[in-house]
Amino acid sequence: MRKIILIVFSFYIFSANAQHATYHVTRTNSFKGVTKVVAGGSGACDTANFQTAINNWTPLIYTVGSDQSKGYIFGVSNLYPDYSIQRDANYFDLSSTNLNYITGGLIYFAIAGSTEESSLDKDVLIEIQDAQGGGYFASGFLSLRQIQQATMAGNLTEFKLLQVASLPNSKQIFVVVDHAQFGWGAGSTHDSLAIVANGDDESQAAAWQYVYDYHTSQNFWTPVNQFWSNGSNPLDVNLWIFPYLSSSAEGCSVLAMTIINFNASITDAGASLSWRTAGEVNNKGFEIERSEDGQRFSDLGFVNGSGTSNKIHNYNYNDLTLSGVNSTTVFYRLKQINQDGETIYSKVVPLTLKGGITCKLYPNPVKDKLSLSLNLNKASVTTVQIISKDGKTVLKSEQGGLSSGNHQICINVAQIANGTYFMRLTTSDQIVTKLFIKE
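Rules used throughout
Residues numbered from 1 in each chain as written. Predicted model: local features only at pLDDT ≥ 70, side-chain atom pairs only at ≥ 80, totals over all residues. Heavy atoms only, no water. Helix = DSSP H or I, 4+ residues; strand = E, 2+ residues; numbered from the N terminus. Buried < 20%, exposed > 50% of the residue type's maximum accessible area, 1.4 Å probe, protein only. Contact = heavy atoms within 4.5 Å. Areas by Shrake-Rupley, 256 points an atom, 1.4 Å probe, with all protein chains shown as cover. Pairing = 2+ DSSP bridges. Salt bridge = Lys/Arg side-chain N within 4 Å of Asp/Glu carboxyl O. Axes fitted to C-alpha atoms, helices over the stretch in contact; angles between N-to-C directions. pLDDT = per-residue confidence, 0-100.

Asker: Just to check I follow, could you spell out the overall build of the protein chain for this structure?
Answerer: When its secondary structure is counted, the protein chain shows three helices and 32 strands. Here the protein chain holds 439 residues, and the buried ones make up 52% of them. For the protein chain, the share of sequence-separated contacts (at least 6 apart) that also reach a separation of at least 24 residues comes to 71%. Surface exposure of the protein chain reaches about 19,100 Å², of which carbon and sulfur atoms provide 48%.

What follows is the structure, encoded as structure tokens:
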């Protein structure tokens, strides 16, 4: 377990890194407020800072200078060749309350996405740290895909800890969002993640960051107002992070089960599926479903659940029926079934099969022109369709007969509504389907 004492070393950090506070900050007021509240709380279960934020704070995103391609200060930021931000944290002093437990919380992410579909399955680690004694005592996970879905719906993103945790004696904690595995590099992979903060001086400064210094190859924690400024004005902000807190271990009701790290990979015999769960409640089990177009799913089999449990459970399933599949990409999802018949679905996981057409889709998300980099293993009549989530074809482009080899196809999607779509590429004998986001 990593042990970092933040409060104790705050003066040292400021003294050693005062020159870092020279970067300019661009404020972007594109987000007028929370369009849908996912959860709140009162009495035995409370959500710290939530009502204060709704009533008094201005939701803003902050960027590096005026160039948003550099990334966002609270989220994925690439300040190369100087610094990169790997974790964001918000400090909470709960010593004046009767709250003793933390179960999860809400985070207001403004932007989430990537130019690479595979990046959406990366995990964002949420950790709770003792602000006085150091060390992390609770954690949970979110995938970039989960965050993206919440932001597209106008919701805050809910995270759950893997188990209910007691607050430290001081009741002073940090809620840490670790996004070190994401980046905006010199290549084509650009991961986007931005956490909303309030307006400068709207509250006492509570935001902290874990920064990597490329010059010294050192990491350090620093208060945001000792690192960022506009001229001589330090950035005094809170992040829109709202932990679920309770006066008793049962004060906040047990939340629905979380499926984490759902993955699919090719094996010699077929496909191997694996996933983990946290916080199962009356879980009967999982139906495994597969699709060749990302829309119509059929049942493959069933895996028994673990009933009610606060432990992490690992599951797997082997799909040995891929020999009859005609598509170059298959899609898997889990249908989780409770003892009372209630069901929820996991995210959809695409899996590219061996020997198929090579097709790369970019940029993703896209605003106007969607590009396809295509390699055909033989000459074929080719059609491209843009299909909405409800199965309707919104655009269709007949490409005619294409020779074998590499091709570039451009589709103008500027006129379709913002949202999630499938790009379906059809050749004489194969179908390739890829997910993309229009914004």
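Asker: I'm lost on the pairing of strand S6 (residues 101–107) in this one. Help?
Answerer: Most of S6 sits inside the fold, with six of its seven residues counted as buried. As paired strands, S6 and strand S10 (residues 157–166) are joined by six bridges and run antiparallel to one another. Pairing of glycine 104 across the sheet is with lysine 160, part of S10. Sheet topology places S6 next to strand S17 (residues 241–246); six bridges connect them, and they run antiparallel. Directly across from isoleucine 102, in S17, lies its bridge partner leucine 245.

Asker: What am I meant to see in the pattern of salt bridges here?
Answerer: Charged atoms that come close allow side chains of opposite charge to pair. For the structure shown, the criterion picks out 10 salt bridges. As a salt-bridge pair, arginine 290 and aspartate 319 come within 2.8 Å of each other at their nearest N and O atoms. Here arginine 290, found in strand S20 (residues 280–291), pairs with aspartate 319, found in strand S22 (residues 313–319); they are 29 residues apart in sequence, far enough to count as distant. In this structure, arginine 290 and aspartate 319 share a single accessibility class: buried. Ionic pairing is found between arginine 424 and aspartate 293, a salt bridge with its closest N-O pair at 3.5 Å.

Asker: Explain the environment of serine 327 here, please?
Answerer: The topology assignment puts serine 327 in the loop between S22 and strand S23 (329–338). For the pair serine 327 and leucine 353, spaced 26 residues apart in sequence, the C-alpha to C-alpha distance is 8.2 Å. Residue contacts for serine 327: discarding those within four places in its chain leaves Glu292, Leu353 and Ile431.

Asker: Quick question: what am I supposed to make of the sheet that holds strand S32 (residues 431–438) here?
Answerer: Neighbouring strands of a sheet are bound in pairs by backbone hydrogen bonds; such pairs are parallel or else antiparallel. Here we have four strands laid out as an open sheet, ordered S29-S28-S31-S32, and antiparallel in their pairing. Two strands close off the open sheet at either side, each with one partner strand: strand S29 (393–402) and S32. Taking the axes of each pair of neighbouring strands and ignoring which way they run, one obtains an average angle of 15° across the sheet. Here strand S31 (residues 419–426) pairs with S32 via eight bridges, running antiparallel. Residue pairing across strands places threonine 420 opposite isoleucine 437, the latter belonging to S32.

Asker: Where do I start with the confidence of the model for the protein chain in this structure?
Answerer: Do not read the predicted coordinates in detail wherever pLDDT is low. Summary statistics for the protein chain give a mean pLDDT of 80 and a share of 82% for residues scoring 70 or more. When mean pLDDT is compared element by element in the protein chain, strand S11 (residues 172–178) scores highest at 96, while helix H1 (residues 10–16) scores lowest at 31. Confidence drops under pLDDT 50 across residues 1–24; counting only partners more than four residues distant or on other chains, this segment forms 58 contacts. Here residues 28–43 is a poorly scored stretch, pLDDT under 50, and it has 35 contacts once near neighbours within four places are set aside; other chains count.

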